[in-house]
Amino acid sequence: GASRGPPTCFRCGRAREEHPDGRYCGAGGSGEGGAGVGEDGAGNAFSRFNREIVQCPNAVSILDLYSERRGQFDFVNAVTALHRVAKSGEGRGLRSDARLRNLVEDVREAVGDEGLRKKPRHIANASWALARLALLDMTFLSFVCAEVLLSVAAFEPHSISSTAWAMATAAIEHGPLLAVLATMSISRIGEFDTRGLSNVVWAFATLRVTDRPLLAALAAQATLDVALFDEQALSTTLWSFAKLGYHDAAFVDGFTKQALGRISSLHPQGLSNVVWSLAKLQVRHAELFRAAASQCLARLPELQVQHTTNTVWAFVKVQYVDEAFMKAIANHSMSFIDRCAPQNLGNLIWSFAKIALQEGPLMAAISVTAVAKMSACGHQEIGNIAWACATLALRDEPLFAAVAAESIATAGQFNVQGVANTMWAFAKLSITNDGFVEAMSAQALPKISTWDPQALSNIVWSDATLNIVNEPLLTAVSVQATRTISQFATQNLSNTIWAYATLKVVDFSGASPADDMYDGGVPEHAPLTQEEVAGFPVEEVVEALSTQGFRCTEIERSGTAHAAAADDAHALAADHFGIGPLVEGSGVLVVADGRYLACTRRIGERGLSEGTDLRMRDVVAGSEEPLDVSGFAGLVEKHRCFRVARA
């Protein structure tokens, strides 16, 4: 807006240097921070202005008054005017009004001027008003921080909570100011009312700032005062602690009991907040979820998009699944599916997929909406939608074409889980798209050293299922899998074993682009010991392979040294591999001293012969080498082995 030049005195309009001792007029009066009507002497002009401001019927009339009397307004008058404009429903629509811009400029200059003393509540009110008008910025908050540090003892709980609320509303994280507010809150925690407690924890949760000493103090005080919280503050406070993942048993128990006792008084937003919070904190309170389900069914038409998606997510997360309730939610969702934001859409279909609820009309509507809004989806929403469709066996080619196109365009934004889940979905439904696979693989390779076992397993399983051999990626996965082998669950390990055995990649001896990910090249790794894989029973590995469509038959050991004679060794090898055509993914799995060895064959014109017809791959370490029939016979005579073939 138009500038007034250097800051001037609110009372006389002169610059500060024109005043005696460089101080503004009115030391000790309203200009020094007086708090409004009547506080600095009945009947003075500044109190009268405040009364006039409060009596103005709307924001425009306040700005009219300010424009006429601008030179006569003191700091308190300006803050009062700004606060009333922000509080009205017209405020944001007037942000381009020159009068409002001048009013904001006056307040900013006054707060930033160290020569003008201000009371904390006026600073807090100014912050609150600017946040409501979406005009708060880091510079103003730096001024506020300086003022707070000058008058820490004077900042009462209401000013603390209002300032914190303003920062969160404006989505501005001013670290030093937050730290000061946290310290002040702890020191005066017993003086906060329930609304103040709720606002402070809401602000920190919204900004995703975890200050554990502050949260401990807030939880303790809120637990003491829990009966005094109104329904909105009750649900908001519980949501805030859950958002930060802070679980205080006494607090959660007290707030859950209060919520259950007032369940019929909670608005849909509050009801949604309560069940979402408990699910986030992994609290399955059966009585409360049962009561919440009953309330939702009774008030179904009132549940809006966000309420519905958060509620169904919460019920699924704690595994409290009532079929009638879920079907009612699914039917209700049809009324707003076209208005769902991508996040709501992803959460909704994810929830129904987790409980295998496949409502045809709803799934079709979700698909159409997802295609229309795909360009607005982030990597998490894309991954959730693709994963859910694959889980429900919904092979929707138009939808997956849209998923592929958006994934290729935004591959750089995908995180580990997004890449792994989306790749898994395409493989699960046997949908091939070369451009998609190339984009996802290129995104995965530079970051493979950060991947967890689940993601590693998913990506190699996906490649194997789609019969894609990407040697640099497989090399990198082998290195990372070896590093993290002790963290692999049985299912992850068996899927990884199956993938490498299926792909039968034979050349990992040369350097690959994956080598460049690690300083000094790919490091040497100590051989895996039986202790490292002792947690993976062979029977579970075999069972997991069977879920991938493979028949595993354990081969009995004869107890004789077949390797002693070449003819016997050839006979044993032929017997173990079986007679018949070579089938992709078939072979013999040998469990040898904590190692999983996938033995595969190549058949020439003369059938199985000596030399390089047999290959042995350590599917965890990634190494592979030729194997002659005598060596194979020696392995199978000493260790458990299974014939693996397509079912």
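What you see is a predicted model; the values in this text were computed from it and never measured. (Residues numbered from 1 in each chain as written. Predicted model: local features only at pLDDT ≥ 70, side-chain atom pairs only at ≥ 80, totals over all residues. Heavy atoms only, no water.)

> How should the pattern of salt bridges be read in this particular structure?
Between side chains of opposite charge, pairing is possible as soon as their charged atoms come close. Under the defined criterion, the tally for this structure stands at 14 salt bridges. A salt bridge links R299 to E302, with the shortest nitrogen-to-oxygen separation between them at 3.4 Å. Across the salt bridge formed by R640 and E554, the nearest N and O atoms sit 2.9 Å from each other. You can see R640 sitting in strand 6 (residues 640-646) and its partner E554 sitting in strand 1 (residues 550-554), a full 86 residues away along the chain. In this structure R640 comes out as partly exposed when scored by relative accessible area, which is 28%. Residue E554 is classed as partly exposed on the basis of its relative accessible area, which comes to 41%. Within this structure, D64, D97 and R99 form a network of salt bridges that share partners. (Salt bridge = Lys/Arg side-chain N within 4 Å of Asp/Glu carboxyl O. Helix = DSSP H or I, 4+ residues; strand = E, 2+ residues; numbered from the N terminus. Buried < 20%, exposed > 50% of the residue type's maximum accessible area, 1.4 Å probe, protein only.)

> I tried to follow the packing of helix 7 (residues 157-169) against helix 8 (residues 175-187) on my own but got confused; where do I start?
In helix packing, the relevant descriptors are the interaxial angle and the interaxial distance, both defined with respect to the helix axes. Packing of helix 7 against helix 8 brings their axes to within 10 Å, and their N-to-C directions diverge by 150 degrees. In this structure, helix 7 meets helix 8 at a crossing whose hand is left-handed. Every residue of helix 8 that contacts helix 7 at I160, T163, A164 and M167 is listed here: L177, L178, L181, M184 and S185. (Axes fitted to C-alpha atoms, helices over the stretch in contact; angles between N-to-C directions. Left-handed = near helix turned anticlockwise from the far one by under 90°. Contact = heavy atoms within 4.5 Å.)

> In this structure, what is going on with the side chain of N310? I would like to understand it.
Tracing the backbone shows N310 in helix 15 (residues 305-317). Ignoring anything within four residues of it in the chain, the contact list for N310 reads S272 and W276.

> Just to check I follow, could you spell out helix 19 (residues 379-391) for this structure?
Given 3.6 residues per turn, any residue in an α-helix points the same way as the ones three and four places further on. In a regular helix each residue adds 1.5 Å, so 13 residues correspond to 18 Å; helix 19 covers 18 Å between its end C-alpha atoms and thus fits that length. Among the 13 residues in helix 19, 10 count as buried, and that is most of the element. Here helix 19 has its buried residues at E381, I382, G383, N384, I385, A386, W387, A388, C389 and A390. If you follow the buried residues of helix 19, they end up packed against helix 17 (342-354), helix 18 (360-372), helix 20 (397-409) and helix 21 (416-428). At the C-terminal side of helix 19, A393 shows a positive phi close to 60 degrees. (Expected span 1.5 Å × (residues − 1).)

> Quick question: what am I supposed to make of the packing of helix 6 (residues 138-150) against helix 8 here?
Where helix 6 contacts helix 8, the two axes come as close as 9 Å, and the packing angle between them is 35 degrees. In the packing of helix 6 onto helix 8, the handedness of the crossing is left-handed. Along its contact with helix 6, which presents L141, V144, C145, V148 and L149, the element helix 8 presents P176, L177, V180 and M184. Of the residues in the contact of helix 6 with helix 8, the class split is 9 nonpolar, no polar and no charged. (Nonpolar A, V, L, I, M, F, W, Y, C, P; charged D, E, K, R; others polar.)

> What is the right way to look at the pairing of strand 4 (residues 614-618) in this model?
The two faces of the sheet receive side chains in turn, since in a regular strand these alternate between them. Taken across its 5 residues, strand 4 has 5 buried, putting it largely inside the fold. On strand 4, burial covers both faces: L614, M616 and D618 on one face and R615 and R617 on the other are all buried. As judged from the 5 bridges shared by strand 3 (residues 595-601) and strand 4, these two strands associate in the antiparallel manner. The residue of strand 4 that forms the bridge with L597 is D618. Sheet topology places strand 4 next to strand 5 (residues 624-627); 4 bridges connect them, and they run antiparallel. When the sheet's bridge partners are listed, R615 is paired in strand 5 with P626. (Pairing = 2+ DSSP bridges.)

> Teacher, can you tell me more about unusual backbone geometry here?
For residues besides glycine, phi is generally negative; the peptide bonds are generally trans as well. Phi is positive for A356, which is not a glycine, with a value near 55 degrees. Summarising the element assignment, A356 is placed in the loop between helix 17 and helix 18. Given the relative accessible area of 59%, A356 is considered exposed. A positive phi angle is found at S430, which is not glycine, with a value near 55 degrees. Locating S430 in the fold gives a position in the loop between helix 21 and helix 22 (434-444). By relative accessible area, which is 47% here, S430 ends up partly exposed.

> Please explain the layout of surface pockets as it appears in this structure.
Which parts of space are left empty comes out when a probe the size of a water molecule is rolled across the atoms. By volume, the largest pocket amounts to about 1500 Å³. Around the largest pocket, the lining is made up of 48 residues, and of these K243, W276, K280, Q343 and N347 lie nearest the centre. Elements that contribute at least two residues to the lining of the largest pocket include exactly helix 9 (194-206), helix 11 (231-243), helix 13 (268-280), helix 15, helix 17, helix 19, helix 21 and helix 23 (453-465). Residues of the lining of the largest pocket, tallied by class, amount to 13 nonpolar, 26 polar and 9 charged. (1 Å grid on protein atoms, 1.4 Å probe; cavity = no way out; pocket = protein on both sides within 12 Å on 5 of 7 lines; lining within 4 Å. Points joined across faces, edges and corners; volume = space filled by probe spheres on them.)

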